[in-house]
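What follows is the residue order along each chain.
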Amino acid sequence: MTLYQPFLDYAIATLRDRLDLQPYPIPPGFESKSALVGKGRHQEEVLTTSTAFAAPKLRQIRAAHVQGGNSLQVLNFVIFPQLNYDLPFFGADLVTLPGGHLIALDMQPLFRDDPAYQAKYTQPILPIFEEYQSHLPWGGDFPEEARPFFSPAFLWTRPQENEAVETHVFAAFKDYLQAYLNFVDQAQPVTDSHALADIEQAHLRYLRYRAEKDPARGMFTRFYGPEWTEEYIHGFLFDLERKLAAVN
Ligand code: DBV
């Protein structure tokens, strides 16, 4: 059992329980990828597996799980709503590297500075955020240009111990996911054409940023090469532009 497998198992079981899950296609060759990394007795297999679903109101629910031994574990889990809902993105980036853990967990807003949007999608999360802040203090240094994509309830922390991940981070992950699914339950379709255009722009802004700045690009390129990596990023992890191009 690896550090983030229980997170992924919990997420899938919860999604099955609360949503009408449908399959979502993973491009051939990207469901599972492995490479041998390092030399001699430091050699280690690095396995990356992908999971994806769709559901009513949710365009793509997807996870990338990297397992490369005790000092390399990643679960990147994102939910992209359909473009006719004003729902935020559910974003979890759970990263374990030789230097420790790096945890990012948020309902990433479409419209960061809109007070009505904050009242709807951030205020209800603040009590959960505050509950975990004492155990999971602010993680410090953070790319300034990423700030518009995170809410005031952004849980960003760098715990040293596995135990903090297995207890507090896991509990926070569960609470954020349940709260997100409450938002999904309540969401009503948007029909106003101006509002729809704003939502599409917000999705594209987010997605272009993440595809361009993906902090895992260097790691994936080292393990699996540049071709596989670019196709994984644009064809699976952040695929909206491809999907829009395919229908237009
Ligand atoms: N991050 C991803 C995907 C990953 C992934 C798809 C599948 O978006 C992993 C893998 N994140 C990953 C790795 C690192 C980080 C770091 C491997 C470590 C990179 C390294 O140190 O070499 C949140 N993730 C980070 C960082 C942040 C995030 C802020 C630190 C990066 C830095 O300090 O420069 N999540 C990440 C992010 C956004 C988000 C930037 C922006 C919207 O949603």
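Before reading further, recall that the structure is shown in the block above.
Residues numbered from 1 in each chain as written. Predicted model: local features only at pLDDT ≥ 70, side-chain atom pairs only at ≥ 80, totals over all residues. Heavy atoms only, no water.

Some details on the environment of leucine 204
Take leucine 204: it is sitting in helix α5 (residues 193-213). Judged by relative accessible area, which is 6%, leucine 204 ranks as buried. Through-space distance from the C-alpha of leucine 204 to that of glutamate 241 is 7.4 Å; in sequence the pair is 37 residues apart. Those residues within four positions of leucine 204 in sequence are excluded, and the remaining contacts are Leu240, Glu241 and Leu244. (Helix = DSSP H or I, 4+ residues; strand = E, 2+ residues; numbered from the N terminus. Buried < 20%, exposed > 50% of the residue type's maximum accessible area, 1.4 Å probe, protein only. Contact = heavy atoms within 4.5 Å.)

Regarding the site of the ligand
The immediate surroundings of the ligand are formed by 23 residues, with Asn76, Asp93, Gln108, Arg210 and Asp214 found nearest. A distance of 3.4 Å separates an oxygen atom of the ligand from a polar atom in the side chain of asparagine 76. When the ligand sits alone it has 860 Å² of accessible area, and the protein chains cover 80% of it. Of all the secondary-structure elements, those providing two or more residues to the shell around the ligand are β5 (73-81), β6 (89-97), β7 (100-108), α5 and α6 (217-224). Of the residues in the shell around the ligand, the class split is 18 nonpolar, two polar and three charged. (Near = heavy atom within 4 Å. Polar contact = N/O pair within 3.5 Å; in protein donor to acceptor, adjacent residues only side chain to side chain. Areas by Shrake-Rupley, 256 points an atom, 1.4 Å probe, with all protein chains shown as cover. Nonpolar A, V, L, I, M, F, W, Y, C, P; charged D, E, K, R; others polar.)

The quantities given are spatial measurements derived from coordinates; they are silent on function.
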